[in-house]
Amino acid sequence: MSQRILIVEDETDLAQILAEYLQRDGFVATTIADGLAAMAELRRAPPELLLLDLMLPGMDGISILRELRKTSDLPVIMVTARTEEIDRLLGLELGADDYVCKPYSPREVVARVKTVLRRTQGAANVVASSTPHRSALEIDADAQQARFAGKNLELTPKEFRLLQTLAGKPGRVFSRSQLLDALYEDNLEVSERAIDSHLKNLRKKLAPAFPDEEPIRSIYGVGFAFEW
Ligand code: CA
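Since this is a predicted model, take the numbers as computed values, not measurements.

A. Inspection of the coordination of the calcium ion at higher detail. Protein coordination of the calcium ion is provided by D10 (OD), D53 (OD) and M55 (O), with donor distances spanning 2.1 to 2.3 Å. Mapped onto the sequence, the donors of the calcium ion take the spacing D-x42-D-x1-M. Of the two residues, D10 is situated in the loop between β1 (4-8) and α1 (12-24) and D53 in strand β3 (residues 49-53); the sequence distance between them amounts to 43 residues.

Right under this line is the structure:
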């Protein structure tokens, strides 16, 4: 069955082009230009994924996402007009699954939609997944121990916490300050750059387990995400 994507975008030409690209890839795309109408549609018939523009008439993207997240884990890709805005949005911890910045290539957005769907649907089926990496990485919160393919990864407590935070929400983008909050009780004294050295060491320790890929993706100017 086709998956339905809801595009909430008040630039109707842009929404139309994107809808066509998605349809060409086998998705069913619905477009809505008004925030309040979008909220009503989300309640009436939730799609498989929401592409949500930030600035909208009626109700803005942030308010829509806040409202949605009270009751739903629906995958959301946030669309913004400025890269700088992404940092602010991350700080609000809205729980978007990815961010794209205008102007974007529709092809790239379609690719991001597929990635987010694969990831979120995959996350719901971790046990049933046949992807070796997914089932091979185990994070034991009680023992504070991560294992790959049954073998203990020798991580420091900070590296463990970093991996636990990132891998706990695969694909979700964390800013440096969010990671700092996860790592330090009181981060007043700690530079955001401290994250970089822990990350560097964690990546080095993960490398033998992931020889063909880098499981921790850097998003330039924004932060980091764990992706299998
Ligand atoms: Ca807009």
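Picking up after the structure, the text goes on.
B. Structural view of the sheet that holds strand β6 (residues 137-140). Read across the sheet, 3 strands follow the order β6-β7-β8 without closing on themselves; strand pairing throughout is antiparallel. The strands lining the two open edges of the sheet, one partner per strand, are β6 and β8 (151-153). Averaged over all pairs of adjacent strands, the angle between their axes in this sheet comes to 35°, without regard to strand direction. The pairing of strand β7 (residues 145-148) with β8 spans 3 bridges and is antiparallel. Pairing of R147 across the sheet is with N152, part of β8. Helix α7 (residues 157-168) contacts β6 and β7 of the sheet and is inclined by roughly 115° relative to β6.

C. Fine view of the nonpolar core. The biggest cluster of nonpolar side chains holds 28 residues, and the ones touching the most others in it are L42, L50, L52, I64, L65 and M78. Sorting the residues of this core by element identifies β1, α2 (35-44), β3, α3 (61-69), β4 (76-80) and α4 (83-91) as the ones contributing at least two each. Here this core gets 4 residues from one element, more than from any other, and that element is α3. Of the domains in this structure, domain 1 (4-126) and domain 2 (134-226) are the two that each give at least three residues to this core. With near-sequence residues (within four places) excluded, I64 lies in contact with G35, A38, M39, L42, L52, L56 and M59. In terms of nonpolar packing, the next biggest core, distinct from the first, is built from 26 residues, L153, L155, L166 and L179 among them.

D. Highlighting helix α9 (residues 193-206). Here α9 is 14 residues long and its end C-alpha atoms lie 20 Å apart, about the 20 Å a rise of 1.5 Å per residue gives. Every buried residue of α9 is listed here: A194, I195, H198, L199, L202 and L206. End-on, the buried residues of α9 take up no more than an arc of 125°, which puts them together on one face. α9 presents R193, K200 and K204 as exposed residues on the side facing more than 90 degrees away from its buried surface. Buried-residue contacts for α9 involve β8, α7, α8 (176-183), β9 (216-219) and β10 (223-226).

E. View of the pattern of salt bridges. A full pass over the atoms with the stated rule returns 19 salt bridges. Among the ionic pairs, K102 bridges to E9, the shortest N-O distance being 3.1 Å. You can see K102 sitting in the loop between β5 (98-101) and α5 (106-124) and its partner E9 sitting in the loop between β1 and α1, a full 93 residues away along the chain. The two residues K102 and E9 agree in class, both being buried. Look at the salt bridges and you will find they share partners, linking E9, E11, D53 and K102 into a network.

F. Representation of the confidence of the model for the protein in the model. For the protein, the mean per-residue pLDDT works out to 84, and 90% of the residues sit at or above 70. Contacts from residues 124-133, a stretch scored under 50 in pLDDT, to residues over four places away or in other chains number 7 contacts.

G. Geometry of the side chain of E41. Locating E41 in the fold gives a position in helix α2. Setting aside anything within four residues of it in sequence, one finds E41 in contact with R4, L6, I32 and P46.

H. Summary view of the pairing of β6. Where β6 and β7 come together, 4 bridges link them in antiparallel fashion. Looking at β7, one finds that D140 is bridged to Q145. What sits between β6 and β7 in their antiparallel hairpin is a turn of 4 residues, with Q144 showing a positive phi close to 55°.

Criteria and cut-off values
- Residues numbered from 1 in each chain as written.
- Predicted model: local features only at pLDDT ≥ 70, side-chain atom pairs only at ≥ 80, totals over all residues.
- Heavy atoms only, no water.
- Donors = N, O, S within 2.8 Å, 3.2 Å for Na, K, Ca; no water.
- Helix = DSSP H or I, 4+ residues; strand = E, 2+ residues; numbered from the N terminus.
- Pairing = 2+ DSSP bridges.
- Axes fitted to C-alpha atoms, helices over the stretch in contact; angles between N-to-C directions.
- Contact = heavy atoms within 4.5 Å.
- Core = buried A, V, L, I, M, F, W, Y, C linked by side-chain atoms within 4.5 Å.
- Buried < 20%, exposed > 50% of the residue type's maximum accessible area, 1.4 Å probe, protein only.
- Domains from an automatic or database assignment.
- Expected span 1.5 Å × (residues − 1).
- Arc of directions from axis to C-beta.
- Salt bridge = Lys/Arg side-chain N within 4 Å of Asp/Glu carboxyl O.
- pLDDT = per-residue confidence, 0-100.

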